[in-house]
Amino acid sequence: MEISANSSLKRIGRIVLCFVIAAGLVLPSAPTAGAVSFTKNKPKGLMATAVKQKAAITWEPVSGAEWYAVYESVAGGGFKVVKRTKKRKIVRSGLRKGKEYAYYVVAYRKVSGKTQRSQQSKIAETTVPRRAKSTLKNFLRTAKAPIGSTMYIYGGGWNIWQHSAGKQSRKTGLDPEWRRFKNKQNKKYNYARHLYRTGKGLDCTGFLGWCVYNTMNTANGKSGYVWFSGKVGKNLAAKGFGKWTKKSRVKSHKPGDVMSGHGHVWIVVGDCSDGSTVLVHSSPPGVRLAGTPSRTGKKNSQAAKLARKYMKAYYPGWYKMFPNVYTKKNYRTYYGRMRWYSSVLEDPDGYRKMNAKQVLLDLFGDPDAKDEPAEPSEPVTPTDPTDPADPGQTDPADPANPTDPTDPTDPTDPGQTDDQGGAQDQGGQTGQ
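Residues numbered from 1 in each chain as written. Predicted model: local features only at pLDDT ≥ 70, side-chain atom pairs only at ≥ 80, totals over all residues. Heavy atoms only, no water.

1. Comments concerning the packing of helix α7 (residues 302-314) against helix α9 (residues 356-364)
For any two helices packed against each other, one specifies the crossing angle of their axes together with the interaxial distance. α9 packs onto α7 with a crossing angle of 15 degrees between their chain directions and a minimal axis gap of 11 Å. As summarised for this structure, α7 and α9 are arranged roughly parallel, according to the angle between their axes. As for the relative orientation of α7 and α9, their crossing is right-handed in sense. Here Leu306, Tyr310 and Tyr314 of α7 come into contact with α9, specifically with Ala356, Lys357, Leu360, Leu361 and Phe364. The residue inventory of the contact of α7 with α9, partitioned by class, reads seven nonpolar, no polar and one charged. (Axes fitted to C-alpha atoms, helices over the stretch in contact; angles between N-to-C directions. Helix = DSSP H or I, 4+ residues; strand = E, 2+ residues; numbered from the N terminus. Parallel < 35°, antiparallel > 145°, perpendicular 65-115°, else oblique. Left-handed = near helix turned anticlockwise from the far one by under 90°. Contact = heavy atoms within 4.5 Å. Nonpolar A, V, L, I, M, F, W, Y, C, P; charged D, E, K, R; others polar.)

So this is what it looks like as structure tokens:
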């Protein structure tokens, strides 16, 4: 009987395999697609927010991760592990007043007895206040965190059934669902098709309330700060956070100012010499930087150019889909102002004396020389060797039906728009 060459090779291969198995040898296996993707992946959405002498460090999950290591640096020193946890949040306490803390996170898992390590996250920084609740820069760092990853959702951030701040706006950190939802969208995104899908993103008041909550709290489930847009500034002032100035008396802006009117709320990043203002807000299609017209009404103002420059450099995927950075003309005159008291948000960085360009440079870095931070060397033995079986900091769970008794208003119509029209303020007036 004639035997083909292929049949002979197959028979020889089987014989060799039998010898290998009998000898107890292990053939090397090619890495699986999952293993490769895990080691190349990294935690996203890292936030570090100091409130008094505590700091909440939160991040979004890495698929397949079994635990995380949190690395900390104090005042520019070397990084070291301060926590290993299966959770996606830790709370650091007893921090040193006036010091800058930096954090990054790495995900880990075990496969066939071997530990795999993800790439490190981006570095998040926060400043521990000396006397106040937090700092102005921390507030703007918080406002910056959802840019480019959170869509505008009409009613997002609200508990529309109990007339108050919803679960998402009373929780520290970025909700992973916001990014998941954003990643499914394209340049044709229409918020009107997603009304009241409150867990998918934030509207303008939900975004502002989430920013304030994350600046004031390290635990979940406390009273929130979401109201009708026309009441936001006044209500924050009534809580003793700052001074309210009605719109007819507003002549200028300072970084961190909360601008509030019927139809919309937004946060000031800084003013420009042509009278325009760079701001951050949630407006269709989502959370982004924008620039008002100049005092002479020029649409492509200094602020608009700055907003475009930073969105294009730091959020290129978002900018490619949604390049609009403009606002309506009345942003300069229509909104009242809530300015933070320094006893609530102190300003050790001197932001109130900076213009928009200086603030953006300090918050983001130089977009003309944008470069990722160098990865720190692998830290030494962790200072906290806790078993990651349950090592994370505890955090009160969100109530099943959260309420905020200080906010009895009915958010029947809680979303607002500004420069793309359509939605109305909860009070029934069109966005300005």
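Having seen the structure, we can now continue with the description.
2. A few points about the packing of aromatic side chains
Within the structure shown, the criterion is met by 25 aromatic pairs. Ring geometry for Phe139 and Trp340: centres 5.1 Å apart, planes at 65 degrees, overall edge-to-face. Of this pair, Phe139 sits in helix α3 (residues 136-144) while Trp340 sits in strand β19 (residues 336-340), and the two are 201 residues apart along the sequence. For the pair Phe139 and Trp340, a shared accessibility class is recorded, and that class is buried. A centroid spacing of 5.4 Å and a plane angle of 25 degrees characterise the contact between Trp266 and Tyr331, whose relative ring orientation is stacked. With Trp266 in strand β16 (residues 264-271) and Tyr331 in the loop between α8 (316-321) and β19, the pair connects residues that are 65 residues apart, well separated along the chain. On the accessibility criterion, Tyr331 (1% relative accessible area) is buried. Here the aromatic cluster, defined as three or more aromatic residues joined through ring pairs, consists of Phe139, Tyr213, Tyr225, Trp227, Phe241 and Trp340. We note Lys144 situated over the ring of Phe364; from NZ or CZ to the ring centre the distance is 4.7 Å. (Phe/Tyr/Trp six-rings, centres within 6.5 Å; stacked < 30°, edge-to-face > 60°. Buried < 20%, exposed > 50% of the residue type's maximum accessible area, 1.4 Å probe, protein only. Lys NZ or Arg CZ within 6 Å of the ring centre and 35° of its normal.)

3. Overview of the pairing of β19
In terms of burial, β19 is a largely internal element, four of the five residues being buried. Inspection of the sheet shows strand β15 (residues 258-261) paired to β19 by three bridges, in the antiparallel sense. Within β19, the residue paired with Met259 across the bridge is Arg337. (Pairing = 2+ DSSP bridges.)

4. Here's the deal with a positive patch on the surface
A cluster of like positive charges, contributed by Arg96, Lys97, Lys99, Arg130 and Arg131, occupies part of the molecular surface. Of note, Arg130 is situated in the loop between β8 (124-127) and β9 (134-135). Judged by its relative accessible area of 51%, Arg130 is exposed. (Patch = residues over 30% accessible without salt bridge, like charges linked within 9 Å, V, L, I, M, F, W, Y side chains within 5 Å. Areas by Shrake-Rupley, 256 points an atom, 1.4 Å probe, with all protein chains shown as cover. Salt bridge = Lys/Arg side-chain N within 4 Å of Asp/Glu carboxyl O. Lys, Arg positive; Asp, Glu negative; His and termini not counted. Charge placed at Lys NZ, Arg CZ, Asp CG, Glu CD.)

5. Things to note about the nonpolar core
Of all hydrophobic cores here, the largest spans 60 residues; its most connected members are Val212, Leu236, Ile267, Val280, Leu289 and Trp340. The greatest single-element share of this core, amounting to eight residues, is contributed by helix α5 (residues 204-216). (Core = buried A, V, L, I, M, F, W, Y, C linked by side-chain atoms within 4.5 Å.)

6. What about unusual backbone geometry?
In this model, Pro284 is joined to Pro285 through a cis peptide bond whose omega is 15 degrees. Tracing the chain through its elements places Pro285 in the loop between β17 (277-283) and β18 (286-291). A positive phi angle is found at Ala75, which is not glycine, with a value near 50 degrees. Relative to the helices and strands, Ala75 resides in the loop between β3 (67-74) and β4 (80-85). Residues other than glycine seldom take positive phi values, yet Tyr196 does so here, at roughly 65 degrees. Position of Tyr196 among the secondary structure elements: in the loop between α4 (176-182) and β13 (201-202).

7. Description of the sheet that holds strand β2 (residues 54-58)
Spatial strand order, β1-β2-β5: three strands in an open sheet with antiparallel pairing. Edge positions in the sheet fall to β1 (47-51) and β5 (89-92), since each of these pairs with one other strand and no more. Within this sheet the neighbouring strands show an average axis-to-axis angle of 15 degrees, counted without direction. As paired strands, β2 and β5 are joined by four bridges and run antiparallel to one another.

8. Section: the side chain of Thr142
Mapping Thr142 onto the fold places it in helix α3. Once you skip the residues sitting within four places of it in the chain, Thr142 turns out to touch Met47, Thr49, Trp210, Cys211, Asn214 and Thr215.

9. Observations regarding the pattern of salt bridges
Scanning the model with the defined rule gives nine salt bridges in all. Here Glu72 ties to Arg92 by a salt bridge, and the two come within 3.0 Å at their closest N and O atoms. Taken together, the residues Glu72 in strand β3 and Arg92 in strand β5 connect sequence positions 20 residues apart. Relative accessible area serves as the criterion here: at 23%, Arg92 is assigned to the partly exposed category. Here Glu125 makes a salt bridge to Arg141, at a shortest N to O gap of 3.9 Å. Remark: Arg141 occurs in helix α3 and Glu125 occurs in strand β8; sequence separation between them is 16 residues. Note on Arg141: relative accessible area 14%, which makes it buried. Linked through salt bridges whose partners overlap, the residues forming this network are Glu100, Glu125 and Arg141.

The values are spatial; any link to function lies outside them.
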